[in-house]
Amino acid sequence: MQDDLFFLGVTLMINLRGYSNCSNITMASKLPPPPIVNPKRKNFLGQPAPQGYVAGVGRGATGFTTRSDIGPARDANDVPDDRHPAPAKRKKDDEEDLEEDLNDANYDEFAGYGGSLFNKDPYDKDDEEADAVYEAIDERMDEKRREYREKRRKEEIEKYRQERPKIQQQFSDLKRELCAVSEDEWKNIPEVGDARNRKQRLHGRREKFTPLPDSVLTRNLGGESGTSIDPKSGLASAFPGMLTPTGDLDLRKIGQARNTLMDIKLNQVSDSVSGQTVVDPKGYLTDLQSMIPTYGGDINDIKKARLLLKSVRETNPNHPPAWIASARLEEVTGKLQAARNLILRGCETCPHSEDLWLEAARLVPVDTAKNVIAQAVNHLVNSVKLWIKASELEQDMKAKKRVFRKALEHIPNSVRLWKAAVELEEPEDAKILLSRAVECCPTSVELWLALARLETYENARKVLNKARENIPTDRQIWITAAKLEEAHGNTTMVEKIIDRSINSLAANGVEINREHWLKEAVDAEKSGAVLTCQAIIKFVIGHGVEDEDRKHSWLEDADNFTSQGAFECSRAVYSHALEIFPAKKSIWLRAAHFERQHGTRDSLESLLQRAVAHCPQAEVLWLMGAKSKWLAGDVPAARSILSLAFQANPNSEEIWLAAVKLESENWEYERARKLLAKARNSAPTPRVLMKSAKLEWHLGDLGEALKQLQTAIEQFPDYPKFYMMQGQIHGLQQRMTLARDSYSLGTKKCPTSVPLWLLLARLDESQGNMTRARSVLEKARQKNPQNPQLWLEAIRLEWKTGLKDIASAMMAKALQDCPTSGLLWAETIFLVDRPQRKTKSVDALKKCEHDPHVLLAVSKLFWTERKTQKCREWFNRAVKIDPDFGDAWGYFYKFELLHGTAEEQNDVKKRCVQAEPRHGEVWTTISKSPQNWRAKTEDILLLVAEALPVPV
């Protein structure tokens, strides 16, 4: 009943709700559309609440505050509301930062106030862009000045380091020397001792005690002492019934018992039948030591490698390198027998591997190796290496020959086997073997040439002809044929053979490689075939060279041959070049210098005769010919050459002066004066006038010399040597005022002449007028800026007067003015203290690596350190770079006099005479001295070496 009533009520409700919905839809379809904006809606609806709004404050809700009521407007019991806190107070520092500093002290006329005037305004994108632009401008301006600023900062740092060097820099040379300390010297360095006094060192030692057992103390009290051990003092057995026997144990008896036991064991090993001991008692421990494996690696690595190789062998047993690697691993680890077993198994598995058999022959003993190689040859009968290994295992010469003949039966075309077999035979048998060899190996050049060397002249020609037919593309056969003809005197055929060889090879498509042919020419010269060498160069030197590059290329080839010691090749190159360019003076000069250094006097004179015939206007060639005759002692021939030179070059200054020197060197002073008089009339040049005055000066007629100098000054007032000679003559006559007047006049007429300024300053210095000398040098530096000689003279002047600080400062200025002057850097090395010299020498070499003055200074530095070998090497470098530097030769010869042998001294002297140096501070002072005007180079070298001081 109740369930029926419930379902009935639900049905009524559904019907009523559906009716209402239908009625609403019908009414809505008849009404107009609503407006977009509701006029009755309030403005604040749907918008966020303003700041500080509290809902319900109009109805008296607690916690409501306004901006004017902030503070103690609430009761003490009210609940705090922190939803809208008051703004936090700024710190005092922040307020001070935001406040503008408008004081006069913070104002600049150009930049304005120091602080930012717009610090309170917001920082937007325009400000950021503006800041980026200004920052870019600042960086650009900074880049313009950066290089200058960094350079200036670097100079200031260098100057500061130079004035105040670090301790590390002062000891840098000593640190560099540590690299030369040997291991023994390291071990011999004494230990640093204890710097404390005796009381501190011994403090605490006396209070250390070592406790002793009571038994020792008891025995010592009773006066007993012994070397035995008490069995009751700890040696008794801990197990019952096994007590140590009573009484004292003697350690010496224990040692004797051990030796007895070892003897018994060794005797047991002995043979009971013959009585021979199988084990050597003395070498027993040595044999045990030899059983230790020599491999020092990790045992785990060996195991891994062994497992890996085993896996490789099992996976691919026909892979020979796996067997070889396994055997070598066992060999390295000391298991030689295991290695042999492995390699033999590998040979059984891979019988056709040549490397496996060779490795097996190497590992097994010699007797077994023969059997191994025999088996290998059965499997690999065509292996050349196996046959050669078989011959190496044989000790008897007949057995070796038998092995090779057997091998040649199986491999007749092996050049290596034929060569090895021929080397074991006598010449007659070798000839027979080679005859058969060239038949089996017709393309082997070595076999053909070897046969040609063993045959007679006629048979050798036939052999070489057959070789050319079989091998038409090889140059060695043609060159050997040319050498054969030259060796038997048939010189006319040499050039023909070389010419035919080039044509034949070119016809067969062979490229004519110029470098290879020139190398063959060098080899031909070393073998003694000079004509063959010359023929090769004649026909090959121009191959592949452009016409405009011929001269340059050929001279380079001549220099290369000379550096290799192939002088005949160089001579052939010069000869061919002179045939093509007979009027080139430079080639004649190069050839003449070559003959003077590496040829004979006859070859030089014959070359010079040809040279003056083709280049009669070349004065230097005439002079070289006359000098060669004069050095040979043939003065009339030298005069005749100079007379011919006068005819070819009338009024030539060089020839006039050479004739005067020839007469004066041979004590013919009157003839020299007449020649100079004729020269002054026909060719009055400054050099002729200077030589005339110099001859009178050397002969002692100073008045005539001054007269001629005065005439010369009137004719050539801008020639500085006239003033120098005039001042020097006045100085010899002790007329210092006239000497100074001559130098002063010379500096006015020739202000760019540095020697004149130096002579004037030295004259004032010798008179004691240091101030005047300084002013002269200062004026000279103004007239001749960036001149290292003037700077050096001024520095030495200050150093002599004792003003070393001023000299050092002046040296710094000089190096700034002339940073690449080797003269100044060389002087700097010895101006500084000894600990800093090496550092300065390194800096000097960086600036002037190839300057002879710097190299000489480094040599002297090694001299002071007693490093003779290095000193000799650097002296050689100095004289090699500039052979005309006389001071280097003087120091070098003095060094050899003190530290070298007689042979080394003569070598330096010979090289110096050959170089004929003419420059150098001390060298020119001695060589141009009036009393040494006839001295030879050898005499001047001795005087210079005597005058030079030993560096300290």
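Taking an unreviewed UniProt entry as the reference, the protein is identified by name as Pre-mRNA-processing factor 6 belonging to Daphnia magna. Recorded in UniProt under Function (unreviewed entry), the annotation for the protein is "Involved in pre-mRNA splicing as component of the U4/U6-U5 tri-snRNP complex, one of the building blocks of the spliceosome. Enhances dihydrotestosterone-induced transactivation activity of AR, as well as dexamethasone-induced transactivation activity of NR3C1, but does not affect estrogen-induced transactivation."

Visitor: Honestly, the overall build of the protein in this entry has me stumped. Any pointers?
Guide: Each helix and strand in the protein was counted, giving 49 helices and two strands. When the 952 residues of the protein are sorted by exposure, 33% land in the buried category. Pairs at least 24 residues apart make up 50% of the contacts formed inside the protein by residues separated by at least 6 positions. Per element, the accessible surface of the protein, about 62700 Å² overall, is 53% carbon and sulfur.

Visitor: Explain unusual backbone geometry to me, please; I cannot follow it from the model alone.
Guide: Comment: phi is negative for the bulk of residues other than glycine, and the bulk of peptide bonds are trans. Phi angles above zero are rare outside glycine, and R866 is one such case at about 65°. Structurally, the position occupied by R866 is in the loop between α44 (852-864) and α45 (868-881). Phi at E916 takes a positive value of approximately 55°, unusual for a residue other than glycine. Considering the arrangement of structural elements, one finds E916 in the loop between α47 (902-915) and α48 (921-927).

Visitor: Would you mind going over the packing of helix α36 (residues 720-732) against helix α37 (residues 736-749) with me for this structure?
Guide: In helix packing, the relevant descriptors are the interaxial angle and the interaxial distance, both defined with respect to the helix axes. One way to put it is that α36 packs onto α37 with a least axis distance of 7 Å and a crossing angle of 170°. Between α36 and α37, the interaxial angle falls into the category roughly antiparallel. Within the contact between the two elements, α36 uses Y723, M724, Q726, G727, Q728, H730 and G731 and α37 uses M736, L738, A739, S742, Y743, L745, G746 and K749.

Visitor: In this structure, what is going on with the packing of aromatic side chains? I would like to understand it.
Guide: The relative placement of two aromatic rings is captured by the distance of their centres and the angle of their planes. Overall, the coordinates contain nine aromatic pairs when judged by the stated rule. Measuring from ring centre to ring centre gives 6.3 Å for F567 and F594, while their planes differ by 55°; the resulting arrangement is tilted. One end of the pair, F567, is in helix α27 (residues 567-580); the other, F594, is in helix α28 (residues 585-598), with 27 residues separating them in the sequence. Geometrically, the ring pair formed by W863 and F895 is edge-to-face, given 5.4 Å between the ring centres and 85° between the ring planes. Taken together, the residues span a long stretch of sequence, with W863 in helix α44 and F895 in helix α46 (residues 886-899) at a distance of 32 residues. You can call F895 buried: its relative accessible area is 0%. Among the aromatic residues, those joined into a cluster by ring pairs are W863, F875, F892 and F895. Over the face of the ring belonging to F830 we find K860, whose NZ or CZ atom lies 5.0 Å from the ring centre.

Visitor: What is the right way to look at the environment of R436 in this model?
Guide: Checked against the element boundaries, R436 lands in helix α19 (residues 427-440). Once the C-alpha coordinates of R436 and P412 are considered, the two residues, 24 residues apart in sequence, prove to be 9.4 Å apart.

Visitor: Can you help me understand the nonpolar core in this one?
Guide: Here is a general trend for soluble globular proteins: nonpolar side chains tend to be buried in one another's company. L417, W517, I537, F561, C569 and L621 are the most contacted members of the largest nonpolar core, which totals 127 residues. Counting contributing residues per domain, this core is built from domain 1 (296-459) and domain 2 (472-565), each supplying no fewer than three. Apart from residues lying up to four places away in sequence, C569 is in contact with A521, V522, E525, C533, I537 and F561. Among the nonpolar cores identified, the runner-up in size contains 77 residues, and A712, L758, L759 and C818 belong to it.

Visitor: Whenever I open this one, the environment of E778 confuses me. Can you help?
Guide: For E778, the location among the structural elements is in helix α39 (residues 770-783). Given a relative accessible area of 37%, E778 falls into the partly exposed group. As a C-alpha pair, E778 and L790 span twelve residues in sequence and 8.5 Å in three-dimensional space.

Visitor: For this particular structure, what's the right way to read the pattern of salt bridges?
Guide: In a structure, side chains of opposite charge can pair up when their charged atoms sit close to one another. A complete count under the given rule lists 29 salt bridges for this structure. Across the pair R911 and D907 runs a salt bridge whose closest N-O atoms are separated by 3.5 Å. Of the two residues, R911 and D907 are both situated in helix α47; the distance of four residues between them amounts to about one turn of the helix. Among the salt bridges present, the one from K909 reaches E938, with a minimum N-O distance of 3.6 Å. One end of the pair, K909, is in helix α47; the other, E938, is in helix α49 (residues 937-947), with 29 residues separating them in the sequence. The partly exposed category is assigned to E938, whose relative accessible area is 35%. Ionic contacts of the salt-bridge type, sharing partners, join the residues E177, K838, E865 and K867 into one network.

Visitor: Just to check I follow, could you spell out α36 for this structure?
Guide: One turn of the α-helix equals 3.6 residues, which is why residues spaced by three or four share an orientation. Here α36 spans 19 Å end to end across 13 residues, near enough to the 18 Å set by a 1.5 Å rise per residue. All of the buried residues along α36 are F722, Y723, M724, M725, Q726, G727, I729, H730 and G731. Each element contacted by the buried residues of α36 is listed here: α34 (686-698), α35 (702-715), α37 and α38 (754-766). Following α36 by one or two positions, Q734 has its phi on the positive side, about 60°.

Visitor: What am I meant to see in a nonpolar patch on the surface here?
Guide: Taken together, the side chains of V133, Y134, I137 and M141 present a nonpolar region at the surface, about 400 Å² in accessible area. Secondary-structure assignment places Y134 in helix α3 (residues 125-163). Overall, Y134 belongs to the exposed group, its relative accessible area being 56%.

Visitor: Explain a negative patch on the surface to me, please; I cannot follow it from the model alone.
Guide: Side chains of D124, D126, D127, E128, E129, D131, E135, D138, E139 and E143 sit close together on the surface and give a patch of like negative charge. With respect to the element layout, D131 can be found in helix α3.

Visitor: What should I look at first to understand helix α32 (residues 653-665) in this one?
Guide: Over its 13 residues, α32 runs 18 Å from end to end, which matches the ideal 18 Å to within 8%, given 1.5 Å per residue. Three or more residues of α32 are buried, namely I655, W656, L657, A659, V660, L662, E663, S664 and E665. Buried positions along α32 lie against α30 (619-631), α31 (635-648), α33 (669-682) and α34. Residue W667 follows α32 closely and has a positive phi angle near 65°.

Visitor: How do you make sense of the confidence of the model for the protein when you look at a structure like this?
Guide: Mean pLDDT for the protein: 77, with 78% of residues reaching 70 or above. A low-confidence stretch, residues 288-292 stays under pLDDT 50, and its non-local contacts, those more than four residues away or across chains, total zero contacts.

Visitor: How do you make sense of the side chain of S859 when you look at a structure like this?
Guide: Looking at where S859 falls in the secondary structure, it is placed in helix α44. Given a relative accessible area of 0%, S859 falls into the buried group. Once residues within four sequence positions are removed from consideration, S859 is found in contact with C871, W874 and F875.

Visitor: Would you explain the packing of helix α13 (residues 336-349) against helix α14 (residues 354-363) in this entry?
Guide: Look at α13 against α14: their axes get within 9 Å of each other, and the N-to-C directions meet at 150°. Taken together, the axes of α13 and α14 lie roughly antiparallel to each other. Pair α13 / α14 crosses with left-handed handedness. Here α13 contributes L336, A339, R340, I343, L344, G346 and C347 to the contact with α14, which in turn contributes L356, W357, E359, A360 and L363. For the contact of α13 with α14, a count of residues per class yields nine nonpolar, one polar and two charged.

Visitor: How should the side chain of S391 be read in this particular structure?
Guide: Within the secondary structure layout, S391 lies in helix α16 (residues 384-393). Judged by relative accessible area, S391 falls into the buried class, the value being 4%. Polar side-chain contacts of S391 include one of 2.6 Å to the backbone oxygen of I388. Apart from residues lying up to four places away in sequence, S391 is in contact with K400, V403 and F404.

Rules used throughout
- Residues numbered from 1 in each chain as written.
- Predicted model: local features only at pLDDT ≥ 70, side-chain atom pairs only at ≥ 80, totals over all residues.
- Heavy atoms only, no water.
- UniProt positions renumbered as here; feature names shortened; annotations may be inferred.
- Helix = DSSP H or I, 4+ residues; strand = E, 2+ residues; numbered from the N terminus.
- Buried < 20%, exposed > 50% of the residue type's maximum accessible area, 1.4 Å probe, protein only.
- Contact = heavy atoms within 4.5 Å.
- Areas by Shrake-Rupley, 256 points an atom, 1.4 Å probe, with all protein chains shown as cover.
- Axes fitted to C-alpha atoms, helices over the stretch in contact; angles between N-to-C directions.
- Parallel < 35°, antiparallel > 145°, perpendicular 65-115°, else oblique.
- Phe/Tyr/Trp six-rings, centres within 6.5 Å; stacked < 30°, edge-to-face > 60°.
- Lys NZ or Arg CZ within 6 Å of the ring centre and 35° of its normal.
- Core = buried A, V, L, I, M, F, W, Y, C linked by side-chain atoms within 4.5 Å.
- Domains from an automatic or database assignment.
- Salt bridge = Lys/Arg side-chain N within 4 Å of Asp/Glu carboxyl O.
- Expected span 1.5 Å × (residues − 1).
- Patch = residues over 30% accessible without salt bridge, like charges linked within 9 Å, V, L, I, M, F, W, Y side chains within 5 Å.
- Lys, Arg positive; Asp, Glu negative; His and termini not counted.
- Charge placed at Lys NZ, Arg CZ, Asp CG, Glu CD.
- pLDDT = per-residue confidence, 0-100.
- Left-handed = near helix turned anticlockwise from the far one by under 90°.
- Nonpolar A, V, L, I, M, F, W, Y, C, P; charged D, E, K, R; others polar.
- Polar contact = N/O pair within 3.5 Å; in protein donor to acceptor, adjacent residues only side chain to side chain.

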